[in-house]
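A structural walkthrough
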Amino acid sequence: MEALALDFDAVLGDTRPLWRAWVEDLARRARVDVELPTDRAAAAAVLDGLVGNWRALLERFAEEHAPVHLRPSAEVNAALRRLAGDGVRLGAFTDAPEPLARVAAAQLGAARRLEALEAGAGALDRLLARLGDDAVVVRSRAELARLAG
């Protein structure tokens, strides 16, 4: 096993509660009343047409609120350390926008272990292109623990 492609939200930490809190905050502050798609990549396209600087607003909000919504996992970080120590290339993918994914990776203590972080539409395909088609896609913490064994 040379490389692992980690499902960010299922393995490292679920960013959806932080995303939802930001959407609520944005609606209140910008007085934007719009129904966003549940798919965050599609929601990003809608936001591009509504709020020009939404990525900067999301990043600032995520930096301030990530500690409330995201807790590092000692087990996950130990598995990442073991795998990286064994020379396994690690990457993560998520449909979350890039600013949220980057802040979340740092908050969870995973950023320094990841060779690549792909976010938004087509993230898994882009990550596999970077890591190689033989990369194993990991979709649960239990699967990560088994592979780090």
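For the structure given in this document, a descriptive report is provided here. (Residues numbered from 1 in each chain as written. Predicted model: local features only at pLDDT ≥ 70, side-chain atom pairs only at ≥ 80, totals over all residues. Heavy atoms only, no water.)

**A look at helix α4 (residues 54–69)**
Selection rule: Elements are defined by DSSP. Helices are runs of H or I of four residues or more, strands are runs of E of two residues or more, and each kind is numbered from the N terminus. To estimate how far a helix should extend, the number of its residues minus one is multiplied by 1.5 Å. Here the bend at a residue is taken as the angle between two axes, fitted respectively to the seven residues that end there and the seven that start there. Summary of the burial criterion: residues with accessible area below 20% of their type's maximum are buried, those above 50% are exposed, and those between are partly exposed, where the area comes from a 1.4 Å probe applied to protein chains only. In what follows, a contact means two residues having at least one pair of non-hydrogen atoms within 4.5 Å.
Under the 1.5 Å per step criterion, the end-to-end length of α4 is only 20 Å for 16 residues, more than 12% shorter than the ideal 22 Å. For α4, the principal kink sits at Glu 63 and spans about 45°; a proline, Pro 67, occurs within the next four residues. Those residues of α4 that sit buried are Trp 54, Leu 58, Phe 61, Ala 62 and Ala 66. Those residues of α4 hidden inside the fold are in contact with α2 (16–30), α3 (40–50) and α6 (98–107).

**Section: the environment of Phe 61**
Among the structural elements, Phe 61 can be located in helix α4. Under the relative-accessibility criterion, Phe 61 is labelled buried at 9%. A C-alpha to C-alpha distance of 20 Å links Phe 61 and Glu 118, two positions 57 residues apart in sequence.

**A short note on the packing of aromatic side chains**
For clarity, the threshold we go by: Only Phe, Tyr and Trp rings take part, Trp by its six-membered ring, and two of them pair if their centres are within 6.5 Å. Stacked means planes under 30 degrees apart, edge-to-face means over 60, and tilted covers everything else.
Applying the stated criterion to the full structure yields two aromatic pairs. Centre to centre, the rings of Trp 22 and Trp 54 are 6.0 Å apart; their planes meet at 40°, and the pair counts as tilted. Of this pair, Trp 22 sits in helix α2 while Trp 54 sits in helix α4, placing them 32 residues apart in sequence. You'll find Trp 22 and Trp 54 in the same group, each marked buried.

**Structural notes on the pattern of salt bridges**
The following threshold applies: Between Lys or Arg on one side and Asp or Glu on the other, a salt bridge is scored when a side-chain nitrogen of the former is within 4 Å of a carboxyl oxygen of the latter.
Inspection of the entire model under this criterion finds twelve salt bridges. With a shortest N-O distance of 2.9 Å, Arg 29 and Asp 25 are connected by a salt bridge. A residue pair is termed a helical-turn pair when its members lie 3 or 4 positions apart in one helix, as Arg 29 and Asp 25 do in helix α2 at four residues. Close ionic contact of Arg 102 with Glu 59 constitutes a salt bridge, the shortest N to O distance being 2.8 Å. One end of the pair, Arg 102, is in helix α6; the other, Glu 59, is in helix α4, and 43 residues separate them in sequence. Through salt bridges with shared partners, a single ionic network connects Asp 9, Arg 40 and Asp 95.

**Side note on the nonpolar core**
As a reminder of what qualifies: To qualify as a nonpolar core, a set must consist of buried Ala, Val, Leu, Ile, Met, Phe, Trp, Tyr and Cys residues joined through side-chain atoms within 4.5 Å.
Of all hydrophobic cores here, the largest spans 40 residues; its most connected members are Leu 4, Leu 6, Leu 12, Trp 22, Leu 80 and Leu 144. Each residue touching Leu 4, except ones within four places of it in the same chain, is listed here: Leu 83, Val 88, Arg 89, Leu 90, Gly 91, Leu 131, Val 136, Val 138, Leu 144 and Leu 147. Counting nine residues, the second largest nonpolar core, distinct from the first, contains Ala 5, Phe 93, Leu 131 and Ala 135.

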